[in-house]
Amino acid sequence: MFKLKRYLMVFLCVLCLLNITACSKEGNQEENIDTNLYGNLEIKNDVGEVLITIDDIKAVEISTVVDENSNKEYYVGISFTDNGTTKFANITKENIGKSLSIYVDDELISQPMINSVIEGGYAQLTGYSNYEEAEKLMNAIKGSKDDKTTDEHISGVVKITENDGTILVESSQIEYASMETRSIGKGGSNVQVIVLYFTEDGTSIMESKTKKLIGEEINVVVYGELVHSVILDEAIKNGELIIDTIEDYGKMTEVWSEIQDGK
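Residues numbered from 1 in each chain as written. Predicted model: local features only at pLDDT ≥ 70, side-chain atom pairs only at ≥ 80, totals over all residues. Heavy atoms only, no water.

Visitor: Is there a simple way to explain the sheet that holds strand 14 (residues 217–222) in this structure?
Guide: Strand pairing within a sheet occurs via backbone hydrogen bonds; the two strands may be parallel or antiparallel. Ordered in space as 11-10-14-15, the four strands form an open sheet in which the pairing is antiparallel. Here the strands that pair on one side only, and so sit at the sheet edges, are strand 11 (167–170) and strand 15 (225–231). Between one strand axis and the next, the sheet turns through 20° on average, direction left out of account. Inspection of the sheet shows strand 10 (residues 158–162) paired to strand 11 by three bridges, in the antiparallel sense. In the strand pairing of strand 11, Ile160 is matched with Val169. Its contacts with the sheet put helix 4 (residues 200–210) on strand 10, strand 11 and strand 14, and the angle it makes with strand 11 is roughly 160°. (Pairing = 2+ DSSP bridges. Helix = DSSP H or I, 4+ residues; strand = E, 2+ residues; numbered from the N terminus. Axes fitted to C-alpha atoms, helices over the stretch in contact; angles between N-to-C directions. Contact = heavy atoms within 4.5 Å.)

Quick look at the structure:
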């Protein structure tokens, strides 16, 4: 759909970084901001961990800049939510000197290098020489309500997050869920549990991320509802996570069915 752009993503608060005069929200904005976003946009780090999703974005627009030779260039501007702004500032702080990968509909469209902390809550995807190309990307990010319904069913059913809502993995990085009997705790009691088995990618991400979260809590969220929390005493290296604290067996069965339906 979209070819990988040779330009970097340009941020408002670093407008001198690439010496491009079009790094602000000044100029002609070709579209009104639309806050009803249903597309599939993800920003990942260099190990494939999803850091930003469409839920962190409140608006997308097209801006036009005319240079001194009367040449036009089009930019797809992204405005983050308040929570997304805070998350993105922290993400860029942690990834200075590294690249982030921007995906739309699971296709890589840009890999900007992060040179400083981005706190402005706004970003631009650059390098479009014609309006139609920029519009195509903007519409893909906006998506449609039907797209959102399908996407939520497939990949938004279950997420594993940090306490601040940062996503560690989601359904696309979970191979399958299984209801099993496991021996839990020092006493070795056999209990019914749900086991989430990660994909190879998910396993790598969980191990990498949870190494930094020892002593902190992570959460399993199903359809936006918190169903399980655990304080990590070690990194998750074996590619699985056990949900063993849902007291009501009926509720556990319901959650398991929802996770399976989402796969």
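Visitor: Would you take a moment to explain the sheet that holds strand 16 (residues 240–243) for this structure?
Guide: Here three strands make up an open sheet; going across it, the order is 12-13-16 and the pairing antiparallel. If you trace the sheet from one side to the other, it starts and ends with strand 12 (174–184) and strand 16, each paired once. Strand-to-strand twist of the sheet, defined as the mean angle between neighbouring strand axes without regard to direction, takes the value 30°. Judged from the 10 bridges that link them, strand 12 and strand 13 (residues 189–198) form a sheet pairing that is antiparallel. Counterpart to Tyr176 in the pairing with strand 13 is Tyr197.

Visitor: I tried to follow the pairing of strand 10 on my own but got confused; where do I start?
Guide: Every other side chain in a regular strand lies on the same face of the sheet, so the side chains alternate between the two faces. Strand 10 sits mainly inside the fold: five of its five residues count as buried. Across the two faces of strand 10 the burial is the same, with Val158, Ile160 and Glu162 and Lys159 and Thr161 all buried. Taken together, the five bridges between strand 10 and strand 14 define a ladder with antiparallel strand orientation. Following the sheet pairing, Glu162 is matched in strand 14 by Ile218. Linking strand 10 back to strand 11 in an antiparallel pair, the connection comprises four residues, with Gly165 at a positive phi of about 95°. (Buried < 20%, exposed > 50% of the residue type's maximum accessible area, 1.4 Å probe, protein only.)

Visitor: What should I look at first to understand the pattern of salt bridges in this one?
Guide: A side chain of one charge can pair with a side chain of the opposite charge if their charged atoms are brought near each other. In total, this model carries six salt bridges according to the counting rule given. For Glu162, the salt bridge goes to Lys209, with nearest N and O atoms at 3.5 Å. Linking Glu162 in strand 10 with Lys209 in helix 4, this pair joins segments that are 47 residues apart in sequence. Residue Lys211 is joined to Glu207 by a salt bridge in which the shortest nitrogen-to-oxygen separation is 3.9 Å. Looking at Glu207, the relative accessible area reads 25%, which means it is partly exposed. The network of salt bridges with shared partners includes Glu49, Glu162 and Lys209. (Salt bridge = Lys/Arg side-chain N within 4 Å of Asp/Glu carboxyl O.)

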